[in-house]
Amino acid sequence: MASRSRWWSPSRERRPARRDQPAMKLERESLALLDEALQSIEQGFRDLPDAPVHVDRAALREAVLAAAERMRDNFPYAHPLYVGQMLKPPHPVARIAYAMSLWLNPNNHALDGGRASSALEKEAVAAIARMFGWETHLGHLCGGGTIANFEALWVARELAPGKAIAASSQAHYTHSRLSAVLGVPFRAIAVDARGRMDLAALERALAGGEIGAVVVTLGTTAAGTVDPLPEILALRARHGFRLHVDAAYGGYYTLAGNLEPWARRAFDRVAEADSIVVDPHKHGLQPYGCGCVLFRDPAVGRIYRHDSPYTYFSSPELHLGEISLECSRPGASAVALWATLRMLPLVRGGEFARSLESCREAALAMHAALTTDARFAPLFPPELDIVSWAVRADTAGESSRRARRIFEQAARQGLHLAVATFPRAMVEGAAPVRDWDAADLTCLRACVMKPEHCDWMSEILARLDRAAAAA
Ligand SMILES: Cc1ncc(COP(=O)(O)O)c(C=O)c1O
């Protein structure tokens, strides 16, 4: 199959490995560029006297190769046959830019410690805000989706003290946990058969008048479903709560041209949220440690107000530490993200958007294939790129046990899936079992998050078929 892009061209790699050859080739062509980039940085400091760093090369080699050997004890996360957890390899541009910046190791807390990388962060975060339709915003990078959501919920608490936070029962567990950390009551809202927040249940909860913020998930972690944002916006107009969108996993999908109308209409209204979280370290091709929180009203910056007499000395310009809860943060994350956006701008129809569309195509193809397999009962068509399916059996208990056996057999076949437990209400529609002897069902789940998955789908299905037969 012809490669559709400059960056993902898996067809070359698809021959089955011979035992004496490494099966998984890691991209190394970009390494020469690292040296070139470091020489460029050196040019910026050529007036300084040399201060050589001496490293014991033998000890260095021994330590690094020992670590490399330990790294073999991993699942092959970067390989297309890994469809287990929500993992996506960073783009080579992100890897090289991140590594390159480590020779200076800037700290994006204050301009004093990370001047260039703070500027790159502001530009990159503004590009993400524009992707959602915000020309003005307040926002920054942070450690990941948990910290990003924490800041959004903390701001919500500060603006409505004493009020509760509501999120669906399929929202990421972080929301109930963070609410407890913040000392805020949490209300779990029931979901419908697709795992989307149930509007009637939300309306009942709102009637009590105690909810100050509602978390709307655009792409739930387990099933990848999209909450009904337009309807929840209508409820906000009536009940006046703060609306936070957790799009840690799904946010970049706003660029995709092949969403179902349900998801499209939600993403089209995302600019009306009060805050948004998206994780560049999920679909944004970044190494871990890169989340992003955005606020529509820059005035919430006052909530972050604090003094730091020992760091903010170089200029009266905004130091990112003034608008973030974390103090030290890797400037490398900003450098990597900025370089990635320069190569793959966040535009509809662009190469990055096409890569997401390709993930979705793969997910839809997988769902379609599973519906024709009598052994399986797919839950519902994927809204983004997560596919979940139950294993047919007489009882729920037996179905769950079979799912686990197939999961293990698939791993032996080199296909790495995940299992996820769903409540009966979300699985019943697919009618996988006759006798519900349990309240929930363990299903198989695939995160089809790599653009290569389109080309690899027949191989994935062939291995799943062998795993199911062996189980
Ligand atoms: C919707 C959603 N929110 C929040 C998180 C937490 O993000 P992180 O793991 O980056 O802390 C996740 C993680 O999968 C997620 O899917």
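Residues numbered from 1 in each chain as written. Predicted model: local features only at pLDDT ≥ 70, side-chain atom pairs only at ≥ 80, totals over all residues. Heavy atoms only, no water.

Enquirer: Would you explain the site of the ligand in this entry?
Expert: In the neighbourhood of the ligand, 14 residues make up the surrounding shell, with Gly145, Thr146, Thr221, Asp246 and His281 lying closest. Asp246 places a side-chain nitrogen or oxygen 2.7 Å from a nitrogen atom of the ligand. Between the ligand and Asp279 there is a distance of 3.0 Å, counted from an oxygen atom to a side-chain nitrogen or oxygen. Calculation on the ligand without its partners gives an accessible area of 390 Å², and the protein chains cover 84% of this total. When residues in the shell around the ligand are grouped by element, the largest group, 3 residues, is from helix H5 (residues 145–159). By residue class, the composition of the shell around the ligand is 3 nonpolar, 8 polar and 3 charged. (Near = heavy atom within 4 Å. Polar contact = N/O pair within 3.5 Å; in protein donor to acceptor, adjacent residues only side chain to side chain. Areas by Shrake-Rupley, 256 points an atom, 1.4 Å probe, with all protein chains shown as cover. Helix = DSSP H or I, 4+ residues; strand = E, 2+ residues; numbered from the N terminus. Nonpolar A, V, L, I, M, F, W, Y, C, P; charged D, E, K, R; others polar.)

Enquirer: Sorry, what's going on with the nonpolar core here?
Expert: Across soluble globular proteins, you tend to see nonpolar side chains buried next to one another. The biggest cluster of nonpolar side chains holds 62 residues, and the ones touching the most others in it are Ile128, Val214, Leu218, Leu229, Leu243, Val245 and Tyr252. Ranked by residues supplied to this core, first place goes to helix H4 (residues 115–131) with 6 residues. Excluding anything up to four places from it in sequence, Val214 contacts Ala166, Met197, Leu202, Leu206, Ile232, Phe241, Arg242, Leu243 and His244. Counting 26 residues, the second-largest nonpolar core is a separate cluster that includes Ala148, Leu182, Ala213 and Val215. (Core = buried A, V, L, I, M, F, W, Y, C linked by side-chain atoms within 4.5 Å. Buried < 20%, exposed > 50% of the residue type's maximum accessible area, 1.4 Å probe, protein only. Contact = heavy atoms within 4.5 Å.)

Enquirer: Can you help me understand the sheet that holds strand S6 (residues 275–278) in this one?
Expert: Sheets are built from strands that pair by backbone hydrogen bonding, the pairs being arranged parallel or antiparallel. Spatially, the 7 strands line up as an open sheet ordered S1-S7-S6-S5-S4-S2-S3, and their pairing is mixed. Sheet topology places strand S1 (138–142) and strand S3 (186–189) at the edges, where each strand pairs with a single neighbour. On average, adjacent strands in this sheet sit at an angle of 20° to one another, irrespective of strand direction. Where strand S2 (residues 164–168) and S3 come together, 4 bridges link them in parallel fashion. In the strand pairing of S3, Ala166 is matched with Arg187. (Pairing = 2+ DSSP bridges. Axes fitted to C-alpha atoms, helices over the stretch in contact; angles between N-to-C directions.)

Enquirer: I would appreciate a short explanation of H5 in the present structure.
Expert: At 3.6 residues per turn, the α-helix brings residues three or four places apart onto the same side. For H5, with 15 residues, the first-to-last C-alpha span of 21 Å sits near the 21 Å given by 1.5 Å per residue. Among all positions of H5, only Gly145, Ala148, Asn149, Phe150, Glu151, Ala152, Leu153, Trp154, Val155 and Ala156 are buried. (Expected span 1.5 Å × (residues − 1).)

Enquirer: What am I meant to see in the layout of surface pockets here?
Expert: Remark: the empty space left among the atoms is shown by a probe the size of a water molecule rolled over them. Taken as a whole, the second largest pocket holds about 660 Å³ of empty space. Lining the second largest pocket are 15 residues, with Glu42, Asp50, Ala51, Val53 and Trp103 positioned closest to its centre. Of the residues belonging to the lining of the second largest pocket, the class tally is 11 nonpolar, 1 polar and 3 charged. (1 Å grid on protein atoms, 1.4 Å probe; cavity = no way out; pocket = protein on both sides within 12 Å on 5 of 7 lines; lining within 4 Å. Points joined across faces, edges and corners; volume = space filled by probe spheres on them.)

Enquirer: Explain the pairing of strand S5 (residues 242–246) here, please?
Expert: Both faces of the sheet carry side chains from a regular strand, because those side chains alternate between them. The buried count for S5 comes to 5 of 5 residues, which makes it a mostly enclosed element. Along S5, one buried face is formed by Arg242, His244 and Asp246 and the opposite face, lined by Leu243 and Val245, is buried too. Across 5 bridges, the pairing between strand S4 (residues 211–217) and S5 is parallel. Bridge pairing in S5 places Thr217 opposite Asp246. Here S5 runs beside S6; their pairing, made up of 3 bridges, is parallel. Looking at S6, one finds that Asp246 is bridged to Val277. Handedness of the crossover joining S5 and S6 through helix H9 (residues 261–267) is recorded here as right-handed. (Right-handed = clockwise from strand over helix to strand, strands pointing away.)

Enquirer: In this structure, what is going on with empty space enclosed by the protein? I would like to understand it.
Expert: For the structure shown, the criterion picks out 1 cavity of 30 Å³ or more. Roughly 40 Å³ of internal volume is contained in the largest cavity. Looking at the largest cavity, the residues that line it are Ala156, Arg157, Ala160, Lys163, Ala164, Ile165, Val184, Gly212 and Ala213. Within the residue set of the lining of the largest cavity, elements represented by two or more residues are H5, S2 and S4. Split by residue class, the lining of the largest cavity holds 6 nonpolar, 1 polar and 2 charged.

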